[in-house]
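The chain contents come next:
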Amino acid sequence: MHPAFSVIFFTVASGAGFGLISLLFIADVFKLGGGFSREQLVIGGLIALSLIVFGLVSSTFHLANPKNAWRAMTRFRTSWLSREGVFAIAFMPLALVYLASIWFDAPSWLRETFGFLAAVLAWITVFSTGMIYACLKTIRQWNTPLVPANYLALGYASGSLLLLLGAVYARLDTTPYIAMSALIVSIAAVLKAIYYFWIRSPGLTPTINTATGLTRAKVKLLDAGHTHGTFLTEEFGFQIARRKASLLKIVVFAVGFMLPGLMLVWVFNQNGGPTAALVAVAAGIVGAAVERWLFFAEARHVVNLYHGAQRC
Amino acid sequence: MRLGLVIDLDVCVGCHACAIACKEWNASGTTGPLSDYQPYGAEPSGVWFNRIRHFEMDEYPHNKTINFPMSCMHCEDADCVTVCPTGASYKRAEDGIVLVDQDKCMGCNYCSWACPYGARELDRSSGTMKKCTLCVDRIYDLALPVEERQPSCVLTCPAHARMFGDFDDPDSAVSRAVRERGGFPLMPELNYNPTNTYLPPRRKPVIPIDARPKGGLKESIKQFANKLVRR
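About the criteria used
Residues numbered from 1 in each chain as written. Chains lettered and ligands numbered in written order. Predicted model: local features only at pLDDT ≥ 70, side-chain atom pairs only at ≥ 80, totals over all residues. Heavy atoms only, no water. Helix = DSSP H or I, 4+ residues; strand = E, 2+ residues; numbered from the N terminus. Rg over C-alpha atoms; globule rule 2.2 N^0.38 Å. Buried < 20%, exposed > 50% of the residue type's maximum accessible area, 1.4 Å probe, protein only. Areas by Shrake-Rupley, 256 points an atom, 1.4 Å probe, with all protein chains shown as cover. Lys, Arg positive; Asp, Glu negative; His and termini not counted. Charge placed at Lys NZ, Arg CZ, Asp CG, Glu CD. Pairing = 2+ DSSP bridges. Axes fitted to C-alpha atoms, helices over the stretch in contact; angles between N-to-C directions. Core = buried A, V, L, I, M, F, W, Y, C linked by side-chain atoms within 4.5 Å. Contact = heavy atoms within 4.5 Å. Patch = residues over 30% accessible without salt bridge, like charges linked within 9 Å, V, L, I, M, F, W, Y side chains within 5 Å. Salt bridge = Lys/Arg side-chain N within 4 Å of Asp/Glu carboxyl O. Phe/Tyr/Trp six-rings, centres within 6.5 Å; stacked < 30°, edge-to-face > 60°. Buried area = accessible area lost by both parts, 1.4 Å probe. Polar contact = N/O pair within 3.5 Å; in protein donor to acceptor, adjacent residues only side chain to side chain. Nonpolar A, V, L, I, M, F, W, Y, C, P; charged D, E, K, R; others polar.

Draft legend 1. Up close: the overall build of chain B. Broken down by element type, chain B carries seven helices and 11 strands. Scaling as 2.2 N^0.38, a compact globule of 231 residues should have a C-alpha radius of gyration of about 17 Å, whereas chain B reaches 23 Å, well beyond that. In terms of overall dimensions, chain B has a C-alpha envelope of 80 × 50 × 40 Å along the principal axes. Counting across all 231 residues of chain B, residues that qualify as buried make up 52%. Of the roughly 11,600 Å² of accessible surface on chain B, 55% is carried by carbon and sulfur atoms. If you average the places of the 28 positive and of the 29 negative side-chain charges in chain B, the two averages end up 11 Å apart.

Okay, structure coming up:
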C-alpha cells in the first residue's frame, strides 16, 4: 500500500492525543504523584485536544474531494471510517465538559463522570481507527485483531510519555508516571513483536490461481494490459525491500521502545530530568511514525495478484 | 434480478475492444468523463472501467495464453459498499448493480481498498471514485432497439466472449452457460459472492508435435519424388 503521509500524521497525532487525555483522567482521579494543579490539567487536556484536531484536519488532506467530507458521518451502521468520525466528534463535547468542570471546580461526580465518558470514547475512537484497516479482507497484513490492539497500545504509549513529560515539568513525584509509561510501552512493544511475527507467514490467502480461477496448473502474468501505471499500481503497487523492512523494524524497536525505556530509567535516576523526558516523547512519536509508515508499506493488497504477484 | 456478465476465457482473444467500447460509451455517460492523464505523453494513464490482463497457464508444451478481461463483479456481498463512509457507494436492490453516486463521493479511496478485483479507480480530475456501471444508462434505455439494450462491452465483443443477463433466472442464457460450462467466480475464498462469472478454457485434443515415424519404402520414394518435382 502507498503510505500517505497525511494518514500517518493523523493516526500518530490523534492516537497520542486520545491516549494523553485518557491517562490524564486516570492521573487526575488517583492524584498520581501528588496530582496536577487545575491549570496544569487544563493545559494538558488542551494539548491532547489540539493533537486530535490537527490529526483530524490533516486526515482530510488525503481526500480527493473534501467538500463532501461532512457526509462521512452518515454511514455509521456499516462503515468503520464513518464510526471513527462520529466517535471522534462525540468525544469532543465530553472532553470539553470534563476540562470545563476542572476549570470551574465543578462537583467531583460531574468531573469524574465526564472524564470517564471522554476516556471511554477516546478508547473506542482509537479502536475504530484500527478497525478501518483490520476489517479489510483484501489485505492479510491488516486483517487481524492485532491491528486495533497495536493502534491502541501505541497511542496510549505516546500519550503516557507525554503525560510523564508533563509530570516532570510540573515537578510531581514521577515514580507512578514512570511505572505507567514503562508498563504501557512494554505492552506496545510486545504486541508489535507478535504482529511482526504473525504477518511473516502467509497463512490461507488468495493466490494467483484462485484470483484467476485457473487452479489446475501454474499460472503467471504475461502482460498487465497497460503501458504505464494505473490508479491500482499507484495505490497498491508500493513494495518495500525485505531488508529495508527488517532495518525499519529495528528502528521501530530501538527508537520507539528501547530509547524511551532508557530515558525512563534516566528520569527515575534524576539524571537529565526534562531533557530525558523530552527525548522519550520525541523518540516515542518518531518510532510510532516509522511503525505507521511500515504498517502501510508492508501491506500487500490482493489486487497485486492481477499485476504479477503469485500470492499476497 | 441479479444482472451481471459471463466471460468466456476459452473464446476471448484479448483484443481490448471491450475496454475501448466501455471507455467510448462511459466517457460521455452518467459517470463520465473518464479522465486521461498524458494520453500522448511519456507516461500515459487514465481511468478505465474494464481492463484486460494476459496470463499464461501451465508450462511448455502444455501452456496456454488466457486473456482475462476484468470489470466490476457486482458482488452480492460487496464490501466496497459497506465500508463507504458517505453512502456514495450503493447496491441497487432491484438489479444488484453496484454504483457510485458522484455527488456524494469524497474521494477517500477506502472502497478501492475493500475491492479485491481492482474494479474501482479514482478520477483525479473530479476527485471521485469511478467504476463499471454495467451500462445502467444503456440497458434500460427504451429509445434503443431491444437487442442493443446491453452493456457496450458485450455488444462490441467480436469473439462473443461476453454475455449479459439475469443470474437469478435459471433459464437465462448466462445461467445456462454457467451451468453447462462449469463457470466459476474469482477469489471465492474472500466470500464477496461476485455476480460476474468466468467460463474455463475448454479441453482440446493435443496436437502431436513429435517427429513422425518413418513410413517404409513407399513413403521414402514419395518423399524423394516430392523433392524432385518442382512446383
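Draft legend 2. Broad picture of the sheet that holds strand β4 (residues 51-57) of chain B. Spatially, three strands are ordered β1(A)-β4(B)-β5(B) in an open sheet, and the strand pairing comes out antiparallel. Each having just a single partner strand, β1 (219-223) of chain A together with β5 (64-70) of chain B make up the two edges of the open sheet. The sheet shows a mean angle of 35° between the axes of neighbouring strands, direction not considered. When β4(B) meets β5(B), the two strands line up antiparallel, connected through seven bridges. What sits directly across from B:Ile52, in β5(B), is B:Pro69.

Draft legend 3. Focus on the pairing of strand β1 (residues 3-8) of chain B. Residues and elements named next belong to chain B. In terms of burial, β1 is a largely internal element, six of the six residues being buried. Residues Leu3, Leu5 and Ile7 of β1 are buried on one face, and the alternating residues Gly4, Val6 and Asp8, pointing to the opposite face, are buried as well. When β1 meets strand β10 (residues 162-166), the two strands line up antiparallel, connected through five bridges. The partner of Leu5 across the bridge, within β10, is Phe164.

Draft legend 4. Quick peek at the nonpolar core. Formed by 162 residues in total, the largest nonpolar core has its most connected members in A:Phe91, A:Tyr133, A:Trp142, A:Tyr177 and B:Tyr117. With near-sequence residues (within four places) excluded, A:Tyr133 lies in contact with A:Val7, A:Thr11, A:Trp142, A:Val147, A:Tyr151, A:Phe295, A:Phe296, B:Tyr110 and B:Trp113.

Draft legend 5. Quick look at a nonpolar patch on the surface. Taken together, A:Val53, A:Val57 and A:Phe61 make up a surface patch of nonpolar side chains, about 290 Å² in accessible area. For A:Phe61, the position within the fold is in the loop between α2 (38-59) and α3 (80-103).

Draft legend 6. Spatial organisation of the packing of aromatic side chains. Summed over all chains, the structure comprises 26 aromatic pairs over all chains. Here A:Phe238 and A:Trp293 contribute two aromatic rings whose centre-to-centre distance is 5.8 Å and whose plane-to-plane angle is 90°, an arrangement assigned as edge-to-face. With a gap of 55 residues between them, A:Phe238 in the loop between α8 (231-236) and α9 (242-268) and A:Trp293 in helix α10 (residues 274-297) connect regions that are remote in the sequence. Centroid distance B:Tyr110 to B:Trp113: 6.0 Å. Interplanar angle 90°. Geometry classified as edge-to-face. Pair noted here: B:Tyr110 and B:Trp113 are both in helix α3 (residues 110-114), with a separation of three residues, about one helical turn. Accessibility assignment for this pair places B:Tyr110 and B:Trp113 in one class, buried. Taken together, the ring pairs connect A:Tyr133, A:Trp142, A:Tyr151, A:Tyr195, A:Tyr196, A:Phe253, A:Phe257, A:Phe295, A:Phe296, B:Tyr110 and B:Trp113 into an aromatic cluster.

Draft legend 7. Region of the structure containing the sheet that holds strand β11 (residues 197-199) of chain B. Residues and elements named next belong to chain B. The strand order β10-β1-β11 describes an open sheet built from three strands, whose pairing is mixed. Of all the strands in the sheet, the pair left with one neighbour each is β10 and β11. Put simply, the sheet's adjacent strands are angled 25° from each other on average, direction ignored. Where helix α6 (residues 173-181) meets the sheet, its contacts fall on β1, β10 and β11, and the angle it forms with β10 comes to roughly 115°.

Draft legend 8. Highlighting the interface of chain A and chain B. Listed per partner, the contact involves 60 residues of chain A and 58 residues of chain B. Summed over both sides, the interface between chain A and chain B buries roughly 4,600 Å², with carbon and sulfur atoms accounting for 60% of that surface. The largest per-residue losses of area from chain A upon contact with chain B belong to A:Lys137, A:Phe231 and A:Tyr306, which jointly make up 14% of the total buried on that side. Scanning the region where chain A abuts chain B turns up three salt bridges. In this structure, the salt-bridge partner of A:Lys220 is B:Glu56, at a minimum N-O distance of 3.2 Å. Linking chain A with chain B are 26 residue pairs in polar contact (both at pLDDT 80 or more). Secondary-structure elements contributing two or more residues to the side of chain A that touches chain B are α3, α4 (108-134), α7 (208-212), β1 and α8 of chain A. Classifying every residue of the side of chain A that touches chain B by side-chain character gives 31 nonpolar, 20 polar and nine charged. Here β1(A) pairs with β4(B) via four bridges, running antiparallel.

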